[in-house]
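Residue-level listing of the chains:
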Amino acid sequence: MSTTTSRTPALGGEHGENGSAGQRDQDGKGGKRGKGGKGKGAGRQLHGGKITYAVLTLFTVGSLFPLVWTAIAASRNNTRLAQTPPPFWFGGNLFKNLEIAWTDANMGTALFNTTLVAGSIAAGTVLFSTLAGFAFAKLRFRFQNVLLLMVIGTMMVPPQLSVVPLYMMVAKLSWTDQLQSVILPTLVSAFGVFFMRQYLLGALPGELVEAARVDGASSWRVVWHVVFPAARPAMAVLGMLTFVMAWNDFFWPIIALTQNGSPTVQVALTGLGRGYIPDQSVIMAGALLGTLPLLIAFVLFGKHIVGGIMQGAVKG
Amino acid sequence: MATDAPAAPSEKEGAAPATDQDAILREERRRERRSRWYRRDVRWSPYALIAPFFVFFLAFGLFPLLYTGWASLHRVELTAPTDMEWVGLRNFSRLLSDDFFWNALRNTLTIGVISTVPQLLMALAIAHMLNYRLRGSMFFRVAVLTPYATSVAAATLVFVLLFGRDYGMINWALNMVGIDPVDWQNGTWTSQFAVSTIVIWRWTGYNALIYLAAMQSIPDDLYESAALDGASRWQQFLHVTVPSLRPTILFTVVVSTIGATQLFGEPLLFNGSAGANGGSDHQFQTLGLYLYEQGWVNLHLGRASAIAWTMFLILLLIGAVNWLVSRRLRKSS
């Protein structure tokens, strides 16, 4: 995949062109002198010093501490949390608090709902993005560029802009408090289409598609036997990213769903935070329950998610 | 044309036996059908492939977007969303004379600046360090990204506790170094600072990875030649890394600005039990929260639509300014 070439269209013609022109210019200079300087190693290949490790460790602690502390607070009780100094180590109330959060705050239902919602959204986004991404990357059709521009343009539109009519639609269809009201509007993603297009531009040789065509394969066979296998790594990454985003989505779910109907985890947590259950340690137990599945996924697939974001970043 | 074509060869080969001719004819027809079908497939299947996206996009993206504009010109109440009464621009003029709107706009800008600027600067620094050859670099990368996996709701609930006035850990730590406890929730600046902290915590690592990805595609030659010219590490960072990252930085600025304009979950939940007013004195009510309050607490959907469109116009304005500034910067360098 040629990262630099595919980054330019993402960031608008004029800017990209200028940027790469500048780079080319400097490249020429660097190339000439680089030969003499070989062996010394490039600037970015330098090993990190002690300070680097210290700062990064500090930042890591800052990143992880609130999460660890969620677990600590969830394992205490309300009285202990209302004392100074705050607790720094685990107490014995974790399972009791988890149980209260599970039953009283509807967390069990919420976790089930969220899994369903995020799973459907991820599956839909991956499927539809791959199809559209393939069409934009490898096929030629009328209005292609205009339609692609439309896709890119919609990435910039905030969700607030459509929330009122969406709510009216949901009310009209009597979908209030039903999960499809959250799933359907988010089932496709412009980012996904763009992401898959950029990936397939590089990862899927045009000859492969042509060869399948010459053999008499229909477009659908090409999609099934050529595109899907080639796109699998990017599909996995897009699926994970979409799942995380859908799991954490907040604005629309708390408008479309209620705490006592069929809440997602985020909606249930909102209820906790608004003090339906005043016990802080139970609130933290709920927060822990809502975060734990993703944290586990991060421990297992963190590497791939990081890889996906880095890949998507350069290209998106 | 499709029907003429198979007939043409049969005329030429008029002398051939009838059965042969039939077979040839059938074969010709079949081939013709297949190529017609193939052409049709090549011509129309791209549209079939992009159709699912556009069907959903039109239904749940474009239509609502435009309809918001229509609704903003009406009086619409949540209690009876189908009864729309034309009021022209009254929702907008009302908005402009509403102190709470200006307050929310001010808060959104302030919180946006004090969350985005440190966030991106820190992300740049972290990315630069992650770009060194490190032992356990994957661990650091995953660790800094972990907050990204946390939801707004979960993160805000934790930070509400950490920023607690009487027993919060932050005030306790401040007390250790001799600073009086701060009432994070009730002050204007302090509450906005606290809300920004949540944003910064969740998004710095994500932005750092975006920068890191871009840094890794900077050719080594640039650093080599800079080093030969006697540039220190800091100078290399300033004169090689940052200029090469300019498109990526612009991208993150745009994305973070959009995110900051929509800020909603953090101020909603930082408030605890008080609902959508963004603090006792609206001290950290953002535009997103104000929209929610107008639409779903005060039940004025028309006014909420007007706020949505105003937010969109502000975004466009910021986008234009961004573009002008970046063009200026490019020209001057």
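Note that the structure is a prediction, hence the values are computed from the model and not measured. (Residues numbered from 1 in each chain as written. Chains lettered and ligands numbered in written order. Predicted model: local features only at pLDDT ≥ 70, side-chain atom pairs only at ≥ 80, totals over all residues. Heavy atoms only, no water.)

Draft legend 1. Just the overall build of chain A, in detail. Looking only at helices and strands, one finds 15 helices and zero strands in chain A. In chain A, the proportion of contacts linking residues at least 24 apart, taken out of those at least 6 apart, comes to 73%. Of the roughly 14,200 Å² of accessible surface on chain A, 63% is carried by carbon and sulfur atoms. (Helix = DSSP H or I, 4+ residues; strand = E, 2+ residues; numbered from the N terminus. Contact = heavy atoms within 4.5 Å. Areas by Shrake-Rupley, 256 points an atom, 1.4 Å probe, with all protein chains shown as cover.)

Draft legend 2. Spatial organisation of the interface of chain B and chain A. Each side of the interface is counted separately: chain B has 114 residues, and chain A has 119 residues. Carbon and sulfur atoms make up 75% of the surface buried where chain B meets chain A, a total of about 10,700 Å² over both sides. Inspection of the region where chain B meets chain A yields one salt bridge. A salt bridge links Arg213(A) to Asp41(B); the shortest N-O distance between them is 3.2 Å. On inspection of chain B and its partner chain A, the count reaches 12 residue pairs in polar contact (both at pLDDT 80 or more). Broken down by element, the residue count for the side of chain B that touches chain A peaks at 23 residues, all from helix α2 (residues 18-71) of chain B. Tallied by class, residues from the side of chain B that touches chain A come to 81 nonpolar, 21 polar and 12 charged. (Buried area = accessible area lost by both parts, 1.4 Å probe. Salt bridge = Lys/Arg side-chain N within 4 Å of Asp/Glu carboxyl O. Polar contact = N/O pair within 3.5 Å; in protein donor to acceptor, adjacent residues only side chain to side chain. Nonpolar A, V, L, I, M, F, W, Y, C, P; charged D, E, K, R; others polar.)

Draft legend 3. Structural view of the UniProt feature "transmembrane region" (unreviewed entry) in chain B. The UniProt record marks residues 44-67, 109-130, 142-164 and 306-325 of chain B with the feature "transmembrane region" (unreviewed entry), using the residue numbering of this structure. Secondary structure across residues 44-67 of chain B divides into 100% helix and 0% strand, with the first and last C-alpha atoms of the span separated by 30 Å. (UniProt positions renumbered as here; feature names shortened; annotations may be inferred.)

Draft legend 4. Molecular detail of the side chain of Gln192(B). Residues and elements named next belong to chain B. Relative to the assigned elements, Gln192 resides in helix α8 (residues 188-215). Take Gln192: its relative accessible area is 2%, and that puts it in the buried class. In this structure Gln192 touches Asn107, Thr110, Ile111, Ile114, Gln283 and Phe284, once residues within four positions along its chain are discounted. (Buried < 20%, exposed > 50% of the residue type's maximum accessible area, 1.4 Å probe, protein only.)

Draft legend 5. Here's a closer look at a nonpolar patch on the surface. A contiguous nonpolar patch, built from Leu292(A), Ile296(A), Leu300(A) and Phe301(A) and spanning about 380 Å² of accessible area, is present on the exposed surface. Summarising the element assignment, Leu300(A) is placed in helix α15 (residues 280-315). (Patch = residues over 30% accessible without salt bridge, like charges linked within 9 Å, V, L, I, M, F, W, Y side chains within 5 Å.)

Draft legend 6. Here's a closer look at the UniProt feature "transmembrane region" (unreviewed entry) in chain A. Residues and elements named next belong to chain A. UniProt's entry tags residues 51-72, 116-137, 146-170, 182-201, 222-247 and 282-301 with the feature "transmembrane region" (unreviewed entry), counted in the numbering of this structure. Structurally, residues 222-247 is divided into 100% helix and 0% strand, and its ends, taken at the C-alpha atoms, are 33 Å apart. Regarding residues 282-301, the helix share stands at 100% and the strand share at 0%, and the terminal C-alpha atoms are separated by 29 Å.

Draft legend 7. Quick peek at unusual backbone geometry. All names here are of chain A. Of note, Phe143 is a non-glycine position whose phi angle comes to about 70°, a positive value. Its location among the elements puts Phe143 in the loop between α6 (107-138) and α7 (144-154). The phi torsion at Asp177 lies on the positive side, around 70°, for a residue other than glycine. Relative to the helices and strands, Asp177 is located in the loop between α8 (163-172) and α9 (180-183).

Draft legend 8. Inspection of the pattern of salt bridges at higher detail. All names here are of chain B. All chains considered together, the criterion is met by seven salt bridges over all chains. Note that Arg75 and Glu85 form a salt bridge whose closest N and O atoms lie 3.6 Å from each other. Of this pair, Arg75 sits in strand β1 (residues 74-77) while Glu85 sits in strand β2 (residues 80-86), and the two are 10 residues apart along the sequence. Given a relative accessible area of 44%, Arg75 falls into the partly exposed group. On the basis of relative accessibility, which here comes to 43%, the residue Glu85 falls in the partly exposed class. Of the charged contacts in the structure, one is a salt bridge between Asp166 and Arg165, with a shortest N-O distance of 3.2 Å. Overlapping salt bridges, with partners in common, bring together Glu27, Arg30 and Arg31 in one network.

Draft legend 9. Examining the nonpolar core more closely. Ranked by internal contacts, the top residues of the largest apolar core, which has 179 residues, are Trp69(A), Phe134(A), Phe136(A), Phe53(B), Leu291(B) and Trp296(B). Counting residues per element, this core draws most heavily on helix α12 (residues 219-248) of chain A, at 15 residues. Apart from residues no more than four positions distant in its own chain, Phe53(B) is found in contact with Ala132(A), Val151(A), Val188(A), Ser189(A), Ala190(A) and Val193(A). (Core = buried A, V, L, I, M, F, W, Y, C linked by side-chain atoms within 4.5 Å.)

Draft legend 10. Structural detail: the packing of aromatic side chains. In this structure the tally under the stated criterion is 35 aromatic pairs over all chains. When the ring of Phe141(A) is compared with that of Tyr47(B), the centres are 5.3 Å apart and the planes differ by 70°; the resulting orientation is edge-to-face. Taken together, the residues span two chains, with Phe141(A) in the loop between α6 and α7 and Tyr47(B) in helix α2. Judged by its relative accessible area of 10%, Phe141(A) is buried. One aromatic cluster is present, formed by Phe159(B), Phe163(B), Trp184(B), Phe193(B), Trp201(B), Phe270(B) and Phe284(B) through successive ring pairs. (Phe/Tyr/Trp six-rings, centres within 6.5 Å; stacked < 30°, edge-to-face > 60°.)

Draft legend 11. How the structure looks around the confidence of the model for chain B. All names here are of chain B. Per-chain confidence: chain B averages 86 in pLDDT, with 93% of residues scoring 70 or above. Here helix α1 (residues 4-12) stands out as the least confident element of chain B, with mean pLDDT 46; helix α4 (residues 99-130) is the most confident, with 94. For residues 1-12, every residue scores under 50 in pLDDT, and the model assigns this stretch seven contacts once sequence neighbours within four places are set aside. Scoring the predicted complex yields pTM 0.84 and, for the interface, ipTM 0.84. (pLDDT = per-residue confidence, 0-100.)

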